[in-house]
Amino acid sequence: MRVNSMTGFAHKQIETVLGLLAIEIKSVNSRYQEIAIRLPEELRFLEGDIRGVLSKRVTRGKIECRMQWVGEAVHEQTLNKISLSNLLALQEEVFEIRSDVKPLTVSQILSFPGILKPKAVDFELLKAEVLTGLNAALNIWLEARAREGEALAKVIGGYCDRIVETVNALQPKIPEIVSNLQKKLEERLNEVLAKTLVDHSTLSREEVNDRIRQEVIMYAIKIDVDEEMNRLLTHVNEIRRLLTVGGEIGKKLDFMMQELNREANTLGSKAAAIEMTQTSLTLKINIEKMREQVQNLE
């Protein structure tokens, strides 16, 4: 299946029993399925059928379907022979009374109410023509959405690459960062606490050193971001898998953006070195850019 954008446009003209009809379909992104239909008066009876076709072929997005006649709807008319006979009979009676009266012209006769009557429209044929045209326009619209979706998938894939590059650049530095911080912390604690604890407590020097080492280890555990970085890479792999699978993945990807952002924030909150802070910032920038693109996918 392909990845589809929620943005698309299509225009098609079709011949119907009432004349040339223009069908226009356009859509933009939305969290839900929103369908707006605008029809000429002659096609109002088809609104439910048109809505049913649209709702089956798209799951998410704000879709507007507009139909209008190119020119005016052509309503064929037939001659009402009974009304015509009655009118001509009345004219003869007038002639008997006033011989100087001019006879009615053809245009005058046809303009009299009831002389012409609309020809019955084959509504089943009209319905079939309109729905066939609608599906043809929808095919054009879906192709446009698929093309844009393919382009968006490449952009999102590029952001995935940058996230992986950012994480891979930091991971080898983490052991050294943690080791340096442990060393500095241990030195600082020894400097500040060791003599005080030995002089004013019952603890031995070795016991004090053990306690300091425990605190340093606990601190190292707190600032270790290995799990966060591994989860970031796992989430990126899932995003790539969804892009490959295609279909209705917009909401799933939106959830993945939340998870990515959660890990980036956790990384930032644990940052104990400038490299970690810069990595967190870079990740959040790329995740936000990717989220903007994801919101356009169905």
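You'll find the structure just up there.
What counts, and at which threshold
Residues numbered from 1 in each chain as written. Predicted model: local features only at pLDDT ≥ 70, side-chain atom pairs only at ≥ 80, totals over all residues. Heavy atoms only, no water. Helix = DSSP H or I, 4+ residues; strand = E, 2+ residues; numbered from the N terminus. Buried < 20%, exposed > 50% of the residue type's maximum accessible area, 1.4 Å probe, protein only. Areas by Shrake-Rupley, 256 points an atom, 1.4 Å probe, with all protein chains shown as cover. Polar contact = N/O pair within 3.5 Å; in protein donor to acceptor, adjacent residues only side chain to side chain. Contact = heavy atoms within 4.5 Å. Phe/Tyr/Trp six-rings, centres within 6.5 Å; stacked < 30°, edge-to-face > 60°. Lys NZ or Arg CZ within 6 Å of the ring centre and 35° of its normal. Expected span 1.5 Å × (residues − 1). Pairing = 2+ DSSP bridges. Axes fitted to C-alpha atoms, helices over the stretch in contact; angles between N-to-C directions. Salt bridge = Lys/Arg side-chain N within 4 Å of Asp/Glu carboxyl O. Right-handed = clockwise from strand over helix to strand, strands pointing away. Parallel < 35°, antiparallel > 145°, perpendicular 65-115°, else oblique. Left-handed = near helix turned anticlockwise from the far one by under 90°. Nonpolar A, V, L, I, M, F, W, Y, C, P; charged D, E, K, R; others polar. Core = buried A, V, L, I, M, F, W, Y, C linked by side-chain atoms within 4.5 Å.

A. The arrangement of the overall build of the chain in detail. Along its length, the chain carries 9 helices and 6 strands. The buried share among the 298 residues of the chain stands at 37%. When the accessible surface of the chain is split by element, carbon and sulfur atoms take 53% of a total near 17700 Å².

B. Main features of the side chain of E64. Along the chain, E64 turns up in strand β4 (residues 61–69). Here E64 falls in the buried class, since its relative accessible area comes to 19%. One polar contact links E64 to R38, side chain to side chain, over a distance of 3.4 Å. Reaching out from E64, the side chain makes a polar contact with the side chain of R66 at a distance of 3.0 Å. Ignoring sequence-local partners within four residues, the contact set of E64 consists of E24, I25, K26, A36 and R38.

C. Here's a closer look at the packing of aromatic side chains. Using the criterion set out here, one finds 1 aromatic pair in the structure. Centre to centre, the rings of F45 and F123 are 5.3 Å apart; their planes meet at 85 degrees, and the pair counts as edge-to-face. Of this pair, F45 sits in the loop between β3 (33–38) and α1 (47–57) while F123 sits in helix α4 (residues 123–170), placing them 78 residues apart in sequence. Accessibility expressed as a relative area gives 44% for F123, which makes it partly exposed. Positioned above the aromatic ring of W141, the side-chain terminus of R145 is 4.5 Å from the ring centre.

D. Quick look at helix α8 (residues 250–269). The end-to-end C-alpha separation of α8 is 29 Å, in line with the 28 Å expected for 20 residues at 1.5 Å each. Taken as a whole, α8 has its buried residues at G250, L253, M256, M257, E259, L260, E263, A264 and L267. Along its buried surface, α8 packs onto α4, α7 (226–245) and α9 (274–294).

E. Region of the structure containing the sheet that holds β4. Ordered in space as β1-β2-β4-β3, the 4 strands form an open sheet in which the pairing is mixed. Both outer strands of the open sheet, β1 (8–16) and β3, are each paired with one neighbouring strand and no more. The mean angle between the axes of side-by-side strands here comes to 15 degrees, regardless of whether they run parallel or antiparallel. Relative to strand β2 (residues 19–28), β1 runs antiparallel, the two being bridged by 9 bridges. Within β2, the position partnered with H11 by the bridge is E24.

F. How the structure looks around the pattern of salt bridges. Here the structure, examined in full by the defined rule, presents 14 salt bridges. Across the pair E64 and R38 runs a salt bridge, and its minimum N-O distance is 3.4 Å. Here E64, found in strand β4, pairs with R38, found in strand β3; they are 26 residues apart in sequence, far enough to count as distant. Close ionic contact of D49 with K127 constitutes a salt bridge, the shortest N to O distance being 3.5 Å. Here D49 is found in helix α1, whereas its partner K127 is found in helix α4, with 78 residues between them in sequence.

G. Structural view of the pairing of β3. Across 6 bridges, the pairing between β3 and β4 is parallel. Its bridge partner being in β4, R38 is matched across the sheet by R66. Note that the unit made of β3, α1 and β4 has a crossover that is left-handed.

H. Inspection of the packing of α7 against α8 at higher detail. At their nearest, the axes of α7 and α8 sit 9 Å apart, and the two run at 165 degrees to each other. The orientation of α7 with respect to α8, classified from their angle, is roughly antiparallel. Crossing handedness for the pair α7 and α8: left-handed. From α7, E228, R231, L232, H235, V236, E238, I239, L242 and L243 reach across to α8, where they touch K252, L253, M256, M257, E259, L260, E263, A264 and T266. In terms of residue class, the contact of α7 with α8 is built from 10 nonpolar, 2 polar and 6 charged.

I. Representation of the nonpolar core. By size, the foremost hydrophobic cluster in this structure holds 32 residues, and its most contacted members are I163, I239, L243, L253, L260, L283 and M290. When residues of this core are traced back to their parent elements, those giving at least two are α4, α7, α8 and α9. Counting 27 residues, the second-largest nonpolar core is a separate cluster that includes I50, V53, C65 and A137.

J. Focus on the packing of α8 against α9. As a packed pair, α8 and α9 sit with axes 9 Å apart at the nearest point and diverge in direction by 165 degrees. Comparing their axes, α9 and α8 come out roughly antiparallel. Considering how the two elements wind past one another, α8 and α9 form a crossing that is left-handed. Contacts from G250, L253, D254, M257, L260, N261, A264, N265, L267 and G268 of α8 reach α9 at M276, T279, S280, L283, K284, I287, M290, R291 and V294. Split into classes, the residues belonging to the contact of α8 with α9 amount to 10 nonpolar, 6 polar and 3 charged.

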